[in-house]
Amino acid sequence: MAVQEQTLRLEATELLQDLLRLDTVNPPGNETQAAELLARYLERDGISSGLIARVPERANLVARIPGGDGPSLAFLSHTDTVLADPAEWERDPWSGDLVDGEIWGRGALDMKGQVAASAVAFASLVREGFTPAGDLVLLVVADEEVGAGFGLSWLVEAHSDAARCDYAVNEGGGERLELGGRPVYLCATAEKMSAPFRLRVLGRSGHASMPGIADNALVKASRYISALAAFDPPKELIPEARGFLEAVLGEAPPADEAIARANELNPLLGALVEPLLALTLAPTMIEASGKRNVIPAVCEIIVDCRLPPEQTPADAEPLIRAALGEGDYELEWLEAVGGTRSALDTPLWDALESFVEELEPGAALAPIACPGFTDSHFLREAYGTVAHGFFPVKEMDTEVATKLIHSANERIAVDDLEAGVHMLRHVARSLLG
Ligand SMILES: [Zn+2]
């Protein structure tokens, strides 16, 4: 066993280094080179895979080990990365250097590390003659970072059967927190909906030298900005909030007391809990007069708004209007993206929970509704897939890891990479064994 574990660690390290040496910055992506590298890697164990592409240079890779009538499980990951400016880095962002137990390169954490771990877990199971009770699927997609229609959103539409799965392990969680209670690992079981809106505050223009003749929309807007900042929405213990609080505090207090209880333990915990209890609002952009001496007739405020899973803008609007009160403004929703969730009482949750117990005895697994968007949304929407974001970050400090994502000097600890391989193998054996 020890020999095999050593082999998997080395195998994942080398595969990740090779992946990092390919420039798959999106745009333009050029993910086909990564898909071809993975296809060649899988071929060593006689595994055939399909490259499915809308345009030749942006291939998605799908490999499937057919199973029986049992549920199917996918290891989901993406090969594209955000850009990297070499001038900001201490090492070449495409070096794949291994230094002091860490592998450097753009995408090491987001998410070529999980790509490599997924491929190694998949291939090693095949090598051992693992016969899954349902299909085991390796789903490595392009174009997650931009979402221009070449990756999973396209795949589930154009090649629906290729991506179909009942369960999926994706990115979006795995961070380790220790905030006064027992250590917890986060698991992204849901996503909040991104639903920004524009507030157009209306006034009357005039010359700035005689403010009395005009009705300054910018000045009027200040009242609404203050109201948005003071907005205190009704709080609710959605399943993710309940599960998170139970994991961290040992019990779930009433929704209205949850933030105070979390703050007692650690103020950072309160900030984490707040977005789980209700929608959040953050005014982020403002535009008024284009000239210093002209009083604006219109002031536009853009508000970043995140809704709990399954809440809609139509549900939220009356709450927001009540907070703003009557007035000269128009409210316009700009988009509504994401906002899906997966059930928590499933074999996938149990498998991840038992993995965490193995990784660090006494640690808990805590569900979280991710504030950002991941590809899990497309699987949930298309097939009702139970999709969880999880990749263990134990060796590297969570705060350090979080700062490296989409930033300079991105790197992953080899220990975490190896733990990821074991996590995926554990999940496959638990669900399909
Ligand atoms: Zn990512």
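Structure shown above.
Residues numbered from 1 in each chain as written. Predicted model: local features only at pLDDT ≥ 70, side-chain atom pairs only at ≥ 80, totals over all residues.

*Asks:* Please clarify how helix H10 (residues 313-324) should be interpreted in this entry.
*Replies:* Note on helix geometry: an α-helix contains 3.6 residues per turn, so any two residues three or four positions apart are oriented the same way. The first and last C-alpha atoms of H10 sit 16 Å apart over twelve residues, in line with the 16 Å expected at 1.5 Å per residue. Once H10 ends, the next one or two residues include Gly325, with phi positive near 80 degrees. (Helix = DSSP H or I, 4+ residues; strand = E, 2+ residues; numbered from the N terminus. Expected span 1.5 Å × (residues − 1).)

*Asks:* Would you explain the packing of helix H8 (residues 258-265) against helix H9 (residues 267-277) in this entry?
*Replies:* Relative placement of two packed helices is described by the angle separating their axes and the distance separating the axes. The geometry of H8 relative to H9 is characterised by a closest axis approach of 6 Å and an angle of 155 degrees between their N-to-C directions. As the angle between them shows, H8 and H9 are arranged roughly antiparallel. Crossing geometry of H8 relative to H9 is assigned as right-handed. For the pair formed by H8 and H9, the contact residues are Ala258, Ile259, Ala262, Asn263 and Leu265 on the first element and Pro267, Leu269, Gly270, Val273, Glu274 and Leu277 on the second. Tallied by class, residues from the contact of H8 with H9 come to eight nonpolar, two polar and one charged. (Axes fitted to C-alpha atoms, helices over the stretch in contact; angles between N-to-C directions. Parallel < 35°, antiparallel > 145°, perpendicular 65-115°, else oblique. Left-handed = near helix turned anticlockwise from the far one by under 90°. Contact = placed C-beta atoms within 7 Å. Nonpolar A, V, L, I, M, F, W, Y, C, P; charged D, E, K, R; others polar.)

*Asks:* Can you help me understand unusual backbone geometry in this one?
*Replies:* Most peptide bonds are trans, and most residues other than glycine sit at a negative phi. Here Pro27 and Pro28 are connected by a cis peptide whose omega angle stands at 5 degrees. Tracing the backbone through its elements, the reader meets Pro28 in the loop between helix H1 (2-20) and helix H2 (32-43). For the bond running from Asp110 to Met111, omega is -15 degrees, close enough to zero to count as cis. On the secondary structure map, Met111 appears in helix H3 (residues 108-127). Positive phi is not limited to glycine here, since Asp100 has a value of about 50 degrees. Along the chain, Asp100 falls in the loop between strand E4 (98-99) and strand E5 (102-104).

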